[in-house]
Amino acid sequence: MSRRYALYWLPAPGSRLEAFGRAVLGTDNVSGLPVAHPEGLGDLAAVTAGARVYGFHATLKAPLRLAPGAAEADLVAAARDLAAAHPPVAVGPLRVAALGPFLALVPEAPPPELGLLAAECVAALDPFRAPLTEAERAKRRPERLDARGRALLARWGYPYVFEAFRFHMTLTDALPEADRDSWHRRLSEAYGAAGPEPLRIDAVSLLIQDGSEPFRLLARLPFGEARG
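The following refers to the structure shown. (Residues numbered from 1 in each chain as written. Predicted model: local features only at pLDDT ≥ 70, side-chain atom pairs only at ≥ 80, totals over all residues. Heavy atoms only, no water.)

### A word on the overall build of the chain
Secondary structure summary: the chain contains 7 helices and 9 strands in total. Radius of gyration (C-alpha) of the chain: 17 Å, near the 17 Å computed for a compact globule of 228 residues. Each principal axis of the C-alpha distribution contributes one length, and for the chain these read about 50 × 45 × 35 Å. Looking at the chain as a whole, 46% of its 228 residues are labelled buried. For the chain, contacts bridging at least 24 residues in sequence account for 73% of all contacts bridging at least 6. Carbon and sulfur atoms provide 55% of the accessible area of the chain, an area that totals close to 10900 Å². For the chain, the distance from the average site of its 26 positive side-chain charges to the average site of its 26 negative ones is 3 Å. (Helix = DSSP H or I, 4+ residues; strand = E, 2+ residues; numbered from the N terminus. Rg over C-alpha atoms; globule rule 2.2 N^0.38 Å. Buried < 20%, exposed > 50% of the residue type's maximum accessible area, 1.4 Å probe, protein only. Contact = heavy atoms within 4.5 Å. Areas by Shrake-Rupley, 256 points an atom, 1.4 Å probe, with all protein chains shown as cover. Lys, Arg positive; Asp, Glu negative; His and termini not counted. Charge placed at Lys NZ, Arg CZ, Asp CG, Glu CD.)

Spelled out as structure tokens, the structure:
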């Protein structure tokens, strides 16, 4: 069975943002248990099946297989060292937005430090990444990318890194165009009602996936200044 790892940002345990995201996707990617959708949004189950596999998160280093000779313990240690040396990042309020056919939470005004954090995560863990297989490369639809996107995919195994990075927390699968405005309104209202705090990143999380199973938390890694 193939195994993949990913470096994500997950909401703080017990936060209102964590509760909102888990309810929207209908799953808890720490315990693996199902979570009830928000009241009046039971039909979310039909438009979150794909997102549910990954859980409520923001990608900092896209899913990867370990390179030959690389060990899980070394990957965890590298991520822990990165976190220990990093100061918290104040991101601020989020909003529901359309990213192509998907809906996601994005920062209202992303600070430069956020892109720098993502770039550091990409570079720090890349030595542990196995090269893409042809199937993995094809899944990224390189024919739809521009020349720079194809170059990023070839070098880093993922096209949405560095200047192409956009911090987002996916809320739905791809939606038919006719349904997007309605879902945007409904999820915006639900998000406002949840009353989440402004986003502050003070930890990253390593997650693990076996085969096609949902991703599960492997280690939560607090930033140095957030260790208390």
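### Some thoughts on the packing of helix 3 (residues 72–84) against helix 4 (residues 112–125)
The contact between helix 3 and helix 4 brings their axes to 10 Å, and the two run at 150°. What the angle tells us is that helix 3 and helix 4 run roughly antiparallel. Seen from above, helix 3 lies across helix 4 with right-handed handedness. Here Leu75, Ala78, Ala79 and Leu82 of helix 3 lie close against helix 4, whose contacting residues are Glu120, Cys121, Ala124 and Leu125. Taken together, the residues that form the contact of helix 3 with helix 4 break down as 7 nonpolar, no polar and 1 charged. (Axes fitted to C-alpha atoms, helices over the stretch in contact; angles between N-to-C directions. Parallel < 35°, antiparallel > 145°, perpendicular 65-115°, else oblique. Left-handed = near helix turned anticlockwise from the far one by under 90°. Nonpolar A, V, L, I, M, F, W, Y, C, P; charged D, E, K, R; others polar.)

### Focus: the nonpolar core
If you look at the biggest cluster of nonpolar residues, it comprises 50 residues, and the most contacted ones within it are Trp9, Leu17, Leu105, Phe167, Met169, Leu187 and Ile201. Among the elements that take part in this core, helix 3 stands out by supplying 6 residues, more than any other. In this structure, Trp9 is in contact with Leu17, His57, Ala58, Leu60, Phe167, Met169, Leu199, Arg200, Ile201 and Ala203, ignoring residues within four places of it in sequence. Val122, Leu152, Trp156 and Val161 belong to the second-largest nonpolar core, a separate cluster that totals 6 residues. (Core = buried A, V, L, I, M, F, W, Y, C linked by side-chain atoms within 4.5 Å.)

### A look at the sheet that holds strand 4 (residues 94–99)
Within the open sheet, the 3 strands sit side by side as 4-5-6. Their pairing is antiparallel. This sheet does not close on itself; its edge strands, each paired only once, are strand 4 and strand 6 (169–170). In this structure, strand 5 (residues 102–107) lies alongside strand 6, joined through 2 bridges in antiparallel fashion. Note that in strand 6 the partner of Leu105 across the bridge is Met169. The strands touched by helix 7 (residues 177–194) are strand 4 and strand 5; relative to strand 4, the strand with the most contacts, the crossing angle is about 165°. (Pairing = 2+ DSSP bridges.)

### Looking at unusual backbone geometry
Unusually for a residue other than glycine, Arg141 sits at a positive phi of about 50°. Within the element layout of this structure, Arg141 appears in the loop between helix 5 (134–139) and helix 6 (147–156). A positive phi angle is found at Phe162, which is not glycine, with a value near 55°. Tracing the sequence through the fold places Phe162 in the loop between helix 6 and strand 6. Under the relative-accessibility criterion, Phe162 is labelled partly exposed at 30%.

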